[in-house]
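Chain by chain, the residues run as shown.
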Amino acid sequence: MKKLLPLALLITCIVSCSPKVYPVQSCNLIADQNNTITLRSSGFGKQKVESLDAAERYALETILFRGVPGSQYSSPLVGINEEQVRQANPRYFKEFFENGRHKSFIVSSVPVSDYSWTKYKAWTISADITINVVSLRKDLEQHGVIRRFGL
């Protein structure tokens, strides 16, 4: 019995200390046109509306900080070091994401799946998000987040 107690404690510790697994968001290219780009993005949220907003935010973050492979926006608009860029322009990104300014650059947001409840206790949805990249780039230039092309 004395030998089982340490073994039980070890197993309990391993199970309770294992890393938590969270859902992974995805963002894939659907269409790349002159002024807009359409991405299929997934989002998660405690409420259905939050999950669609998360999908839209993730699509914008992909264009801004990661780039979209296979498109004319394969390089990020702002830079790959997201934390550094956000710290250099905190006011802009607070207004952009927290105050909902990012919605002004979204031409359309069309859900392509039904809302579903996940084992992570969150709603998930996939949506085709069309973003006006030309307007987004001009806004970033006007607010001094990026320099004008060619200067």
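The structure under discussion appears in the preceding block.
The notes below deal with the structure included here. (Residues numbered from 1 in each chain as written. Predicted model: local features only at pLDDT ≥ 70, side-chain atom pairs only at ≥ 80, totals over all residues. Heavy atoms only, no water.)

Brief notes about the pattern of salt bridges
Enumeration according to the criterion identifies ten salt bridges in this entry. Between Glu82 and Arg86 there is a salt bridge, and its shortest N-O distance comes to 3.0 Å. Of this pair, Glu82 and Arg86 both sit in helix 3 (residues 82-88), four residues apart, which is roughly one turn of that helix. Across the pair Asp139 and Arg101 runs a salt bridge, and its minimum N-O distance is 2.5 Å. Of this pair, Asp139 sits in helix 5 (residues 133-142) while Arg101 is found in the loop between helix 4 (90-98) and strand 3 (106-111), placing the two residues 38 residues apart along the sequence. Residues Asp139 and Arg101 agree in their burial class; the two are buried. (Salt bridge = Lys/Arg side-chain N within 4 Å of Asp/Glu carboxyl O. Helix = DSSP H or I, 4+ residues; strand = E, 2+ residues; numbered from the N terminus. Buried < 20%, exposed > 50% of the residue type's maximum accessible area, 1.4 Å probe, protein only.)

Considerations on the packing of aromatic side chains
Counted by the stated rule, this structure contains seven aromatic pairs. With 6.5 Å between their ring centres and 15° between their planes, Phe93 and Phe97 make a pair best called stacked. Taken together, the residues Phe93 and Phe97, both in helix 4 and four residues apart, mark about one turn of the helix. The burial state of Phe93 is the same as that of Phe97; both residues are buried. Aromatic rings pair up to connect Phe65, Tyr92, Phe93, Phe96, Phe97 and Phe105 into one cluster. For the cation-ring pair, Lys48 lies above Trp123, with the distance from its terminal atom to the ring centre recorded as 4.8 Å. (Phe/Tyr/Trp six-rings, centres within 6.5 Å; stacked < 30°, edge-to-face > 60°. Lys NZ or Arg CZ within 6 Å of the ring centre and 35° of its normal.)

Notes on helix 2 (residues 48-66)
Taking 1.5 Å per residue as the helical rise, helix 2 with its 19 residues ought to reach 27 Å, and the 26 Å between its terminal C-alpha atoms agrees with that figure. Burial analysis of helix 2 places 14 of its 19 residues in the buried class, the great majority of the element. In the segment just after helix 2, Gly67 is the residue with positive phi, at about 85°. (Expected span 1.5 Å × (residues − 1).)

Focus: helix 4
Every buried residue of helix 4 is listed here: Tyr92, Phe93, Phe96 and Phe97. All buried residues of helix 4 fall inside an arc of 100° around its axis, so they share one side. For helix 4, the exposed residues lying more than 90 degrees away from the buried face are Pro90, Arg91 and Glu98. Summarising the contacts, the buried residues of helix 4 are in contact with helix 2, helix 3 and helix 5. Of the residues flanking the end of helix 4, it is Gly100, one or two places downstream, whose phi is positive at about 80°. (Arc of directions from axis to C-beta. Contact = heavy atoms within 4.5 Å.)

Here's the deal with the nonpolar core
Ranked by internal contacts, the top residues of the largest apolar core, which has 30 residues, are Ile63, Leu64, Val78, Ile131, Leu136 and Leu140. Elements that contribute at least two residues to this core include exactly strand 2 (36-45), helix 2, helix 4, strand 5 (123-132) and helix 5. Look past the residues within four positions of Leu64 in its chain and what remains in contact with it is Pro76, Leu77, Val78, Gly79, Phe93, Phe96, Phe97, Leu136 and Leu140. (Core = buried A, V, L, I, M, F, W, Y, C linked by side-chain atoms within 4.5 Å.)

What about the packing of helix 2 against helix 5?
Closest axis-to-axis distance for the helix 2/helix 5 pair is 12 Å, and the angle between their directions is 60°. By the angle between their axes, helix 2 is oblique relative to helix 5. The crossing of helix 2 and helix 5 is right-handed. For the pair formed by helix 2 and helix 5, the contact residues are Leu60, Ile63 and Leu64 on the first element and Val133, Leu136 and Leu140 on the second. (Axes fitted to C-alpha atoms, helices over the stretch in contact; angles between N-to-C directions. Parallel < 35°, antiparallel > 145°, perpendicular 65-115°, else oblique. Left-handed = near helix turned anticlockwise from the far one by under 90°.)

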